[in-house]
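# Coordinate inspection notes
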Amino acid sequence: MSYEVQVFLLLAAAVVSLFAAVAVLMKEHRTAAAAVATQFGVSTEGEKRCPECGMGNLWMDRNCISCGKRLPG
């Protein structure tokens, strides 16, 4: 095989690897974004979770008992 063909194949492999790495990173980013939206499960029933610190508060509380931030809802 000539030197030019080897260089071309090496560059082609590098481009394919770059596209594969970008695809994996994009998939991880989408998965992480979905995990943030569903961070807390059924065990939080009757509680409000503070979006700032994650502390569980009573459903009727207006402010977080840990950090004092206003709770949603």
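Presented here is a report on the structure given in the accompanying data block. The shown structure was predicted, so the numbers you read here are calculated from the model rather than taken from an experiment. (Residues numbered from 1 in each chain as written. Predicted model: local features only at pLDDT ≥ 70, side-chain atom pairs only at ≥ 80, totals over all residues. Heavy atoms only, no water.)

This part takes up the overall build of the protein chain. The helix and strand inventory of the protein chain stands at one helix and two strands. Walking the protein chain from its N terminus toward its C terminus, one meets helices and strands in the order α-β-β. In the protein chain, which comprises 73 residues, the proportion classed as buried is 11%. Sequence-distant contacts in the protein chain: of pairs separated by 6 or more residues, those separated by 24 or more amount to 4%. When the accessible area of the protein chain is evaluated, it comes to approximately 6,200 Å², of which 66% is carbon and sulfur surface. (Helix = DSSP H or I, 4+ residues; strand = E, 2+ residues; numbered from the N terminus. Buried < 20%, exposed > 50% of the residue type's maximum accessible area, 1.4 Å probe, protein only. Contact = heavy atoms within 4.5 Å. Areas by Shrake-Rupley, 256 points an atom, 1.4 Å probe, with all protein chains shown as cover.)

Relative to the helices and strands, G46 resides in the loop between helix 1 (3-37) and strand 1 (47-49). Once the C-alpha coordinates of G46 and M60 are considered, the two residues, 14 residues apart in sequence, prove to be 9.1 Å apart. Beyond its immediate chain neighbours, meaning those up to four positions away, G46 contacts N57, L58 and W59.

Together, M1, V5, F8 and L9 give the surface a local cluster of nonpolar side chains, amounting to about 460 Å² of exposed area. Position of L9 among the secondary structure elements: in helix 1. With relative accessibility at 45%, the residue L9 sits in the partly exposed group. (Patch = residues over 30% accessible without salt bridge, like charges linked within 9 Å, V, L, I, M, F, W, Y side chains within 5 Å. Salt bridge = Lys/Arg side-chain N within 4 Å of Asp/Glu carboxyl O.)

If you trace the backbone, K48 turns up in strand 1. In this structure, K48 is buried with no salt-bridge partner, the nearest side chain bearing the opposite charge being D61 at 7.8 Å. Polar side-chain contacts of K48 include one of 3.1 Å to the backbone oxygen of D61. Those residues within four positions of K48 in sequence are excluded, and the remaining contacts are M55, G56, N57, L58, W59, D61, L71, P72 and G73. (Lys, Arg positive; Asp, Glu negative; His and termini not counted. Polar contact = N/O pair within 3.5 Å; in protein donor to acceptor, adjacent residues only side chain to side chain.)

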